[in-house]
Amino acid sequence: MTPVTRQEVLGLYRKIFRIARKWQSASGQIEETIKEKEYIKNEAKTLFRKNKNVTDPKLIKQCIEECEARIEIGLHYNIPYPRPIHLPPMGLAHKQGRTLRHQEKLRKISKPIYLKSHDEVS
């Protein structure tokens, strides 16, 4: 990892903890706010520890992009949890009657970048 990339990753890590410190839930309830703050901290720790040994520059760049996307989406929608994709159960199936495996393959391909690591951890 280059020094510039290292500084970028550490900056993102610090940014997440600053966001967690100032986080206010959409409902405004204290219990909900505390729960969401803990989720943000635990999710960040888990994902950063999981990826600490990544050395491939392309994979590091992908992780950084995912982190930035999740931060922006969380701040925009005021929810700390990954925003799910909404696809109808058979919405991607072809009219020719493709198999369920093909359906699952299309669903996996359509998954946005900010959900890739969430499925691996959860």
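Here, the structure is the one placed above.
Anyway, here's the lowdown on the structure attached to this text. Computed from a predicted model, the values in this text were never measured in an experiment.

### A few points about helix H3 (residues 57–77)
Here's step 1: Look at H3: 30 Å from first C-alpha to last across 21 residues, which is about the 30 Å you get at 1.5 Å a residue.
Here's step 2: Directly beyond the C-terminal end of H3, a positive phi value near 60° is found at asparagine 78.

### Focus: the nonpolar core
Here's step 1: Counting residues in each nonpolar core, the largest one holds 13 residues, and the members touching the most others are Leu12, Ile16, Ile40, Ile64, Cys67 and Ile71.
Here's step 2: Where this core is concerned, the elements lending two or more residues are helix H1 (3–22), helix H2 (30–50) and H3.
Here's step 3: Here this core gets five residues from one element, more than from any other, and that element is H1.
Here's step 4: Discounting chain neighbours no more than four positions away, the residues touching isoleucine 64 are Thr5, Glu8, Val9 and Leu12.

### A closer look at the pattern of salt bridges
Here's step 1: In this structure the tally under the stated criterion is two salt bridges.
Here's step 2: With a closest N to O distance of 3.9 Å, lysine 41 and glutamate 38 form a salt bridge. In this pair, lysine 41 and glutamate 38 are both assigned in helix H2, three residues apart and thus about one turn of the helix distant.
Here's step 3: Its relative accessible area of 37% is what places glutamate 38 among the partly exposed residues.
Here's step 4: Its salt-bridge partner being glutamate 43, residue arginine 70 comes within 3.1 Å of it at the nearest N-O pair. Linking arginine 70 in helix H3 with glutamate 43 in helix H2, this pair joins segments that are 27 residues apart in sequence.
Here's step 5: For glutamate 43, a relative accessible area of 11% translates into the label buried.

Calculation notes
- Residues numbered from 1 in each chain as written.
- Predicted model: local features only at pLDDT ≥ 70, side-chain atom pairs only at ≥ 80, totals over all residues.
- Heavy atoms only, no water.
- Helix = DSSP H or I, 4+ residues; strand = E, 2+ residues; numbered from the N terminus.
- Expected span 1.5 Å × (residues − 1).
- Core = buried A, V, L, I, M, F, W, Y, C linked by side-chain atoms within 4.5 Å.
- Buried < 20%, exposed > 50% of the residue type's maximum accessible area, 1.4 Å probe, protein only.
- Contact = heavy atoms within 4.5 Å.
- Salt bridge = Lys/Arg side-chain N within 4 Å of Asp/Glu carboxyl O.

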